[in-house]
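Fold and geometry: a report
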Amino acid sequence: MRELGKDLIIVDKDPQKVETLREEAYEAIVGDISEIETLRGLKTKKLSGVLIVSSDNEANKQALRNVKKHFRPSLYCVARASDVINLQEMEEIGADFVFMPSRIVSKSLTRSLERAESVRIGNQLSQWFTKNTGKTLAVVVHDNPDPDAISGALALKLMAENYGLSPTILYNGEIGHQENKAFVNLLGINLEHMEGRDISEFDEIALVDCAVAGSNNMLSEGTHIGVVIDHHPVGDAEIDADFIDIRPNVGASATIMTKYLQELNIDISSEIATALLYGIRTDTLDFKRNTDPNDLSAASFLYPMADHEVLDQLERPSMSIETLDVLGQAIKNRQVVGSYLLSNVGNIRDRDALPQAADYLLNLEGIFTSIVFGVSDDVIYISGRSNDIRVNLGTILKKAFGEGSAGGHSTAAGAQIALGVFSDIKDRQTLLKLVDEAVVKKFLKAVGVEEVDE
Ligand SMILES: [Mn+2]
């Protein structure tokens, strides 16, 4: 109470207790709180609240009734109950807040345990780094890395440097989407493509935002890993690693890494805070998807350190000319069949423009599923979006174009089909027409819609 800056008057039946309290400089009086006389004595004081906290439920209830009857109704009343039944009764009598000591103890115990657990794994990770000081470390992210993977790797790199290792972030595939490219450029993030690098030149390997060697990363299956940090459920995949921290309840690997930086007291630059915050926000769709209180607490820790001008810029990425062209083609070439929209954008260089175009076309009135496709040198790329709850786009694309070449979720999916023999066709126009027919037919057949004759 003293911390709240309020004066406290204590009433207790036991004169000895009252004596002790007075010695400790508290204002204390002897009295039975269930008796109205005791309360009368308090009425002269300007009370802002009453705490009824004896261990006797009956006395507490009587005191509560008296307070409700004889004091102003706005007086704030807190009461203590030993069980749920008494808690309910006290609430009915009019207590503003009733607490059960056993619950408070168990809550604070849970918190202490969580705290202890976080200290324990923080120590384990720090021990791993200490043991490997002086070594080179490959920090490997999943293929076509997103901001969560990249920022998580950045944090792990920082940590490794703090422990005297020489880390390099490695990725495979491409950094797609304008937003992700802008993210890497604006924050000056240094990561190297795996092409031409030999993983065996590194002493140790860490995996961030993916957990299984050979699955969505360029490592060979069964590679021994030093540290694994991830938040995707791995099922019963076997992982050969010294240190594994996979938290499927958490919304982002960046959240896990933020907790480690906090735990191990590592100084965070504004760039890293910005990257991690952006990673958490994009992976949780601004805390709307797969999110956990830990994501929010990590974000609130990073927020004051982050560069909000950069974050603003990341939210409004400029569209490349190529993306704009593809979008233009997609709008022009659209074919609408019922609530399905299909569009052939022809030859493409940047296939990342396809999902963006598919996203955009979903805004058209009456369209619930959009499919945009184009042809690069020898591959047809198909990208689809759907907000039709009856449609599982991933399944449909697999059905239309084969298990091996399609994948994705119910709302966002894609497929890649090798042109094979078709790529020899010299006449590009003929080729595009063939592709168009094939893709549209296969898709409509898979969704069970007859193509309308034009
Ligand atoms: Mn992630």
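Throughout this description, residue numbers start from 1 for each chain and increase along the sequence as written. Where local features are concerned, this predicted model is filtered to residues with pLDDT of at least 70; where side-chain atom pairs are given and counted, the filter is 80 or more; whole-chain, interface and lining totals use all residues. Note that water and hydrogens are dropped before the side-chain values are worked out from all heavy atoms of the structure.

**Concerning the overall build of the chain**
Using the following cut-off: Labels follow the DSSP assignment, with helices taken as runs of H or I lasting at least four residues and strands as runs of E lasting at least two, numbered in each case from the N terminus. Two things to know: the radius of gyration comes from C-alpha atoms, and the globule rule equals 2.2 Å times the number of residues to the power 0.38. The buried label applies to any residue whose accessible area, calculated with a 1.4 Å probe on protein chains only, is under 20% of its type's maximum; exposed applies above 50%, and partly exposed to all values in between. With residues, only the protein chains shown are counted as cover, and all accessible areas are computed by Shrake-Rupley using a 1.4 Å probe. His is not counted, nor are the chain ends; Lys and Arg add positive charge and Asp and Glu add negative charge. All charge positions are set by atom: Lys at NZ, Arg at CZ, Asp at CG, Glu at CD.
Regarding its fold elements, the chain presents 15 helices and 17 strands. Its C-alpha atoms give the chain a radius of gyration of 32 Å, more than 25% over the compact-globule value 22 Å for 454 residues. Viewed in the frame of its principal axes, the chain has a C-alpha envelope of about 105 × 60 × 40 Å. Going through the 454 residues of the chain one by one, you find that 45% of them count as buried. As displayed, the chain offers around 24,200 Å² of accessible surface, 50% of which is attributable to carbon and sulfur atoms. The positive charge centre, built from 45 side chains, and the negative charge centre, built from 69, are 8 Å apart in the chain.

**Things to note about the layout of surface pockets**
The condition that has to hold: The definitions used throughout rest on a 1 Å grid laid over the protein atoms alone, on which a cavity is an enclosed set of points accommodating a 1.4 Å probe that cannot get out and a pocket is an open set flanked by protein within 12 Å on both sides along at least five of seven lines; lining residues are those having an atom within 4 Å of a point. Grid points are joined across faces, edges and corners, and a volume is the space filled by probe spheres set on the points. We call Asp, Glu, Lys and Arg charged. Ala, Val, Leu, Ile, Met, Phe, Trp, Tyr, Cys and Pro are nonpolar, and the rest, Gly among them, are polar.
Considering only enclosed or pocket space, the second largest pocket measures out at about 1,000 Å³ in volume. Surrounding the second largest pocket, 34 residues form its lining, Leu8, Ile9, Ile10, Val11 and Leu51 being those nearest its centre. For the lining of the second largest pocket, the secondary structure elements donating two or more residues are strand E1 (9–12), helix H2 (36–43), strand E3 (49–52), helix H3 (57–70) and strand E4 (76–80). Its residues placed into classes, the lining of the second largest pocket shows 19 nonpolar, six polar and nine charged.

**Topic: the domain arrangement of the chain**
Note: interface size is frequently given as the accessible area lost on complex formation between the parts. Applicable threshold: What marks off one domain from the next here is an automatic or database domain assignment. Pairs of residues are marked as contacts when any of their non-hydrogen atoms sit within 4.5 Å. Simply put, the buried area is the total loss of 1.4 Å probe accessible area from both parts when two parts are fitted together. One side-chain nitrogen of Lys or Arg within 4 Å of one carboxyl oxygen of Asp or Glu is enough to make a salt bridge.
Splitting the chain by domain gives domain 1 (2–99), domain 2 (116–315) and domain 3 (321–447). If you average the C-alpha positions of domain 2 and of domain 3, the two centres end up 32 Å apart. Taken together, the contacts link five residues of domain 2 with six residues of domain 3. For the domain 2 and domain 3 pair, buried surface summed over both sides reaches about 460 Å², with 30% attributable to carbon and sulfur atoms. When the buried surface of domain 2 facing domain 3 is broken down by residue, Glu174, His177 and Gln178 rank first, second and third, together holding 78% of it. One can count two salt bridges joining domain 2 with domain 3. In this structure, glutamate 174 engages arginine 351 in a salt bridge whose closest nitrogen and oxygen atoms are separated by 3.9 Å.

**With respect to the coordination of the manganese ion**
Rule in force here: For Na, K and Ca the donor cut-off is 3.2 Å, while for other metals it is 2.8 Å, and in both cases only N, O and S atoms qualify; water is not among them, so sites may look incomplete.
Taken together, the protein donors to the manganese ion comprise Asp148 (OD), Asp209 (OD), Asp209 (OD), His231 (NE2) and Asp283 (OD), at separations of 2.1 to 2.8 Å. Donor residues for the manganese ion sit on one chain with the sequence pattern D-x60-D-x21-H-x51-D. Here aspartate 148 is found in helix H6 (residues 147–162), whereas its partner histidine 231 is found in the loop between strand E10 (225–230) and strand E11 (241–246), with 83 residues between them in sequence. Grouping residues by exposure puts aspartate 148 and histidine 231 together as buried.

**Examining the pattern of salt bridges**
Considering all chains together, one arrives at 19 salt bridges under this definition. Taking the shortest distance from any N to any O, the salt bridge between glutamate 117 and arginine 120 comes out at 2.9 Å. Of this pair, glutamate 117 and arginine 120 both sit in helix H5 (residues 101–131), three residues apart, roughly one helical turn. The closest approach of N and O atoms between aspartate 359 and arginine 385, which form a salt bridge, is 3.2 Å. Residue aspartate 359 is found in helix H13 (residues 353–361), and its partner arginine 385 is found in strand E15 (residues 379–386); the two are separated by 26 residues along the sequence.

**Regarding the sheet that holds E11**
Threshold: We treat two strands as partners when DSSP finds at least two bridges between them. Comment: axis = line fitted to C-alpha atoms, over the contacting stretch for helices; angle = value between 0 and 180 degrees taken between N-to-C directions.
Here six strands make up an open sheet; going across it, the order is E8-E7-E6-E9-E10-E11 and the pairing parallel. At either end of the open sheet lies a strand with only one pairing partner, and these are strand E8 (192–193) and E11. In terms of strand pairing, strand E9 (residues 204–208) meets E10 through three bridges, oriented parallel. Across the sheet, residue leucine 207 finds its bridge partner in E10, namely valine 228. Lying on the sheet, helix H8 (residues 253–263) is in contact with E9, E10 and E11; it crosses E10 at an angle near 115 degrees.

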